[in-house]
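# Fold and geometry: a report
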Amino acid sequence: MPRLSEVIAALDVLWPPERAEGWDAVGTVCGDPDQEVSRVMFAVDPVQDIVDEAVKRGADLLVTHHPLYLRGTTTVAASTFKGRVVHTLIKHDIALHVAHTNADTADPGVSDALAGALDLRVVRPLVPDPSDPDGRRGLGRVCELDHPLTVREFAARAAERLPATAQGIRVAGDPEALVRTVAVSGGSGDSLFEDVRAAGVDAFLTADLRHHPASEARAQSPLALLDAAHWATEWPWCELAAAQLDEISDRKGWDLRVHVSKTVTDPWTAHAASASSASSASSASSDPLGAPN
């Protein structure tokens, strides 16, 4: 069995920590470099449900996309929810390692996994990494569909292929417009509208779209917007990352047992549809009820 330090060294080759954004907090949060690792679990969020699952599965290492501590803290007391996470991990000899924005821009990275889940062909990064001479790394991806779909049909594909969440897929734009090219970005993507417009794509699929940026984006172009749950757009990366570690394990003869958590950690747990069905992409041609008088 490899030591934790050996596994982390391999992960740092996939997602070099120096490629993370300056504000980010990536790398190993807790764990003894000399401890042996036989079971690894991947998840999006380092929350208590995920840590409890790692304990039940006998994991020695938990790899998450989101950081546990993105900002400084003065306590890891078990009376706080993050402190309880740390206590549970240490008590059960489970290391925690984070790959966040360094995994977003990797080749392959979070948006490649998202594109793969949607059956899209990646053409290039949406925001290329200027330090990559091959032009493959960067934030987001510009993609092509295998054949044109309407916005309605593409939204249905996204709803079917991405993990199910209470939110589902929200759509802004003409549901009958044809989509041939798509920009995708796992996680929050409404800071990328300028890059998306420059890419000249027909649609943009991302998460956490806010009212004003989305409204302004629609006013500036016929770009269709598809807003999925943040967790759902990043979960496919867990499967990609697990497969990458499996390949490394086979090559090095480590015989690691690698698992991807299917626990839904999206914070939204229910959805109540509006009285008018006009808000859904499947019947967007209906007359909306409008605001109450």
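Residues numbered from 1 in each chain as written. Predicted model: local features only at pLDDT ≥ 70, side-chain atom pairs only at ≥ 80, totals over all residues. Heavy atoms only, no water.

This part is about the confidence of the model for the protein. With 94% of its residues at a pLDDT of 70 or more, the protein shows a mean pLDDT of 94. Considering only residues more than four positions removed or in separate chains, one finds that residues 281–288, a stretch of pLDDT under 50, has 16 contacts. (pLDDT = per-residue confidence, 0-100. Contact = heavy atoms within 4.5 Å.)

Let us look at the sheet that holds strand S1 (residues 27–30). The pairing of strands in a sheet comes from backbone hydrogen bonds and takes either a parallel or an antiparallel form. Judged by pairing direction, the sheet is mixed, and its five strands sit side by side in the order S1-S4-S3-S2-S11 without closing on themselves. With one partner strand each, in any of the chains shown, S1 and strand S11 (257–260) form the two edges of the open sheet. The sheet shows a mean angle of 25° between the axes of neighbouring strands, direction not considered. Bridging between strand S2 (residues 39–43) and S11 involves four bridges; their strand directions are parallel. Residue pairing in the sheet places phenylalanine 42 in a bridge with valine 260 of S11. Contacting S2, strand S3 (61–64) and S11, helix H9 (residues 230–252) runs over the sheet at an angle of about 170° to S11. (Pairing = 2+ DSSP bridges. Helix = DSSP H or I, 4+ residues; strand = E, 2+ residues; numbered from the N terminus. Axes fitted to C-alpha atoms, helices over the stretch in contact; angles between N-to-C directions.)

Within the largest apolar cluster, 53 residues are counted, with the highest numbers of intra-cluster contacts made by Leu61 and Trp237. Here the element with the most residues in this core is H9; it accounts for nine residues. Setting aside residues no more than four positions away along its own chain, tryptophan 237 makes contact with Trp15, Val63, Thr64, His65, Ala99, Ala103, Gly109, Val110 and Ala113. Formed by 15 residues, the second largest nonpolar core is a distinct cluster that contains Cys30, Ala43, Ala54 and Leu68. (Core = buried A, V, L, I, M, F, W, Y, C linked by side-chain atoms within 4.5 Å. Buried < 20%, exposed > 50% of the residue type's maximum accessible area, 1.4 Å probe, protein only.)

This paragraph deals with the side chain of threonine 88. Here threonine 88 lies in helix H3 (residues 81–91). Since its relative accessible area comes to 13%, threonine 88 is described here as buried. With sequence-adjacent residues up to four places away left out, threonine 88 is seen in contact with Gln48, Val51, Asp52 and Val55.

All right, on to the packing of helix H5 (residues 110–117) against H9 then. Direction vectors running N to C along H5 and H9 enclose 100°, while the axes themselves pass 7 Å from each other. Judged by the angle between their axes, H5 and H9 are roughly perpendicular. Taking contact as the criterion, the partners of Val110, Ala113, Leu114 and Ala117 in H5 are, on H9, Thr233, Glu234, Pro236, Trp237 and Leu240. (Parallel < 35°, antiparallel > 145°, perpendicular 65-115°, else oblique.)

Take the environment of alanine 25 next. By the secondary structure assignment, alanine 25 is in the loop between helix H1 (4–14) and S1. Relative accessible area serves as the criterion here: at 23%, alanine 25 is assigned to the partly exposed category. Between the alpha carbons of alanine 25 and leucine 11 there is a distance of 15 Å; along the sequence they are 14 residues apart. Those residues within four positions of alanine 25 in sequence are excluded, and the remaining contacts are Pro67, Tyr69, Leu70 and Val98.

Take the side chain of threonine 150 next. Topologically, threonine 150 is positioned in strand S6 (residues 138–150). Take threonine 150: its relative accessible area is 12%, and that puts it in the buried class. What threonine 150 contacts, discounting residues up to four positions off in sequence, is Pro175, Glu176, Ala177, Leu178 and Val179.

Right, let's get into unusual backbone geometry. Leave glycine aside and you will find that most residues have negative phi; peptide bonds, for their part, are mostly trans. Here the amide bond leading from aspartate 107 into proline 108 is cis, since omega sits at 0°, within 30 degrees of zero. Position of proline 108 relative to the elements: it lies in the loop between helix H4 (101–104) and H5. Of note in this structure, aspartate 93 is not a glycine but carries a positive phi near 55°. The residue aspartate 93 is located in the loop between H3 and strand S4 (95–98) in this model. Under the relative-accessibility criterion, aspartate 93 is labelled exposed at 56%. Not every positive phi belongs to a glycine, and aspartate 119 is a case in point at roughly 60°. Taking the relative accessible area as the measure of exposure, aspartate 119 reaches 43% and is therefore partly exposed.

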